[in-house]
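Now for the letters of each chain:
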Amino acid sequence: MVETAGGGPQDGAAEVLDRSLPDGVRRKVVQIVADGFGGLTVAELPAQLRQYARFAPNRRAKFAGNAMAAALETDPLFRQRIGEKLRESQPELTGALDSGSPPPAADPLDVAAAAYVLRPPGWVKLVAAAGEEAQRADAERADEETRAELERLRAELDRAREHTRSETERLRAELDAAKKETDSLHRKLRSALADVKRGEAALRKLRGEMEAVRAEGQAQVSAAESETRRLKARLGETEAALEAARRAAREGRSVEDMRVRLLLDTVLDAAQGLRRELALPPVSVRPAETVDAVEPGRMTPKDIAARALSEDDPAVLDQLLALPQAHLVVDGYNVTKTGYPQMPLEKQRLRLLGQLAQLAAQTGAEVTCVFDGAELAAPVLLAPPRGVRVLFSKPGVTADELIRQLVRAEPPGRPVIVVSTDREVADGVARAGARPVASAVLLKRLS
């Protein structure tokens, strides 16, 4: 038996609520706890509610409602303290509940919430009655709201029907006008389509005429460009021919001058050599010199006959190179492949050119060595030795033809010696006035 704050027995403590609190009653209970919460010290509060001690009542009801309801249900001491605060704030309502006669004019939710907190005898009935009253009030309120909503919807339906009728009439009028306008637009569209077709036909005709004019213009432009290119080509050919003629005239004069000068030097050197060969005295003939006799140092016919040499004698080559302004032309690969064919071409060239450089230094003759360019996989990079001119034939030109060109380039009367074993080369240069010599003779002279 628990004593109340007024000293009476708390018989309602043994009663048990067999259903959940109605929502309205629960909100009222939470508000009662939130209001009485502030009058308690932190030590008087349950542990789970102490963190909300500094909250305002509204915030406390909002954030700690579930915790306060649970503490009120499970903690009798906390519920007793809240009940004391409720008696202080609402003494008339709590006194009426303690006497067992709640005021008839009081709100059933307030009565049920106070009964739930104070737990007087019969509080379960009060809570259940308050819940039923609240449900009945909610049902009546819902009925009223439903009736009001129904009336509102009926009024809206009537307005909608009226609006629909007026809107239907307006739409019918607009539809009739639209049909008339559509018919008019259809007529205009058919007329426009006919105009478009006529325009497209005219456009196709104009396009055909434009294409014809463009094709004709392009043909004329092409013909003009072709004529321009032809005239430019003829102008270029004319300019090239003029320049070639000018260059040929200049080169012809320079070549002829060079050939005449070289021939003159040859004649002068030959005259001096002939004077030395015939041992002509430098002074005019004296009467005593007309007497037939043999003078010391003069050559007799027997001595001249002793001077004849074999064609294979290297001394023949020395005599030829001793002639004035002599030019020695060597068929390079013909000589090297005769003398040392087992060596690579590069080493053949280097060996022959080195020996020819020594020969040029000894004799003072002009030496030209010709190699066949068809034997080469790539251009040869070498520094010709001093006194030796090295030439390679161009693509499509053999070394034999290059040798014949060199012989034809010399003026008639200049001593030209061609070294080659090729009979065709020897015969050709002999007809051009050169002296052919076998490769073996040169090899003997060089060794």
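The shown structure was predicted, so the numbers you read here are calculated from the model rather than taken from an experiment.

> Just give me the short version of the environment of Ala-56, but keep the residues and values in it.
With respect to the secondary-structure elements, Ala-56 resides in the loop between α1 (23-37) and α2 (57-63). On the basis of relative accessibility, which here comes to 40%, the residue Ala-56 falls in the partly exposed class. Separated by 19 residues in the primary sequence, Ala-56 and Phe-37 place their C-alpha atoms 9.7 Å from one another.

> So what's going on with the sheet that holds strand β1 (residues 327-331)? Residues and values would help.
One open sheet holds the 5 strands; their spatial order is β3-β2-β1-β4-β5, and the pairing between them is parallel. The open sheet is flanked by β3 (388-392) and β5 (435-437), the only strands paired with a single partner. Sheet twist, expressed as the mean angle between neighbouring strand axes with direction ignored, is 20 degrees. Here 5 bridges tie strand β2 (residues 366-371) to β3, and the two strands are oriented parallel to one another. Across the sheet, Thr-368 pairs through a bridge with Arg-389, a residue of β3. Taken strand by strand, helix α10 (residues 332-339) contacts β1, β2, β3 and β4 (416-419), and its axis lies near 60 degrees from that of β1.

> Quick rundown of the nonpolar core? Include the residues and the values.
Grouped together as the largest cluster of nonpolar side chains are 33 residues, with contacts concentrated most on Val-29, Met-68, Leu-72, Phe-78 and Ile-82. Where this core is concerned, the elements lending two or more residues are α1, α3 (65-74), α4 (76-89), α5 (91-99), α6 (108-118) and α7 (123-278). The biggest single contributor to this core is α6, with 9 residues. In contact with Val-29, other than residues within four places in its own chain, are Leu-72, Ala-113, Tyr-116 and Val-117. Membership of the second largest hydrophobic core comes to 29 residues, among which are Tyr-340, Leu-356, Ala-360 and Val-441.

> Explain the packing of helix α9 (residues 314-321) against helix α14 (residues 439-446) residue by residue, including any values.
Taken N-terminus to C-terminus, the directions of α9 and α14 make an angle of 90 degrees; their axes are 8 Å apart at the nearest point. When the axes of α9 and α14 are compared, the pair comes out roughly perpendicular. On α14, the residues that touch Pro-314, Leu-317 and Asp-318 of α9 are Val-441, Leu-442, Lys-444 and Arg-445. A class-by-class count of the residues in the contact of α9 with α14 yields 4 nonpolar, no polar and 3 charged.

> Residue-level account of the packing of aromatic side chains, with values.
Scanning the entire structure with this criterion turns up 2 aromatic pairs. Here a set of aromatic residues connected by ring pairs shows up, and it is made of Tyr-333, Phe-371 and Phe-392. Here the basic side chain of Lys-337 rests over the ring of Tyr-333, its NZ or CZ set 5.5 Å away from the ring centre.

> An account of unusual backbone geometry is requested, with residue identities and associated values reported.
A positive phi angle is found at Gln-325, which is not glycine, with a value near 55 degrees. Topologically, Gln-325 is positioned in the loop between α9 and β1. Judged by relative accessible area, Gln-325 falls into the partly exposed class, the value being 28%.

Definitions and cut-offs
Chains are numbered independently. Their residues run from 1 in the order of the written sequence. With the structure being a predicted model, the display of local features is reserved for residues of pLDDT at least 70 and the display and counting of side-chain atom pairs for 80 or more, all residues being used for whole-chain, interface and lining totals. In computing side-chain values, all of the structure's heavy atoms are included and hydrogens and water are not. Comment: elements are numbered from the N terminus, with helices defined as DSSP H or I runs of at least four residues and strands as E runs of at least two. Throughout this description, buried means an accessible area under 20% of the type-specific maximum (1.4 Å probe, protein chains only), exposed means over 50%, and partly exposed covers the range between. When DSSP finds at least two bridges between two strands, those strands are taken to pair. Angular values range over 0 to 180 degrees, each being the angle between N-to-C directions of two axes fitted as lines to C-alpha atoms, with helices fitted over their stretch in contact. Contact criterion: two residues are considered in contact whenever any of their non-hydrogen atoms come within 4.5 Å of each other. The criterion is simple. A nonpolar core is a set of buried Ala, Val, Leu, Ile, Met, Phe, Trp, Tyr and Cys residues joined through side-chain atoms within 4.5 Å. Note on terminology: angles under 35 degrees are roughly parallel, angles over 145 are roughly antiparallel, angles of 65 to 115 are roughly perpendicular, and the others are oblique. Gly is placed with the polar residues, together with every amino acid not listed as nonpolar (Ala, Val, Leu, Ile, Met, Phe, Trp, Tyr, Cys and Pro) or charged (Asp, Glu, Lys and Arg). Two aromatic rings from Phe, Tyr or Trp, using only the six-membered ring of Trp, form a pair when their centres are within 6.5 Å; if the ring planes differ by under 30 degrees the pair is stacked, by over 60 it is edge-to-face, and anything between is tilted. Throughout this description, the term charge over a ring refers to an Arg CZ or Lys NZ atom that lies within 6 Å of the ring centre and within 35 degrees of the ring normal.

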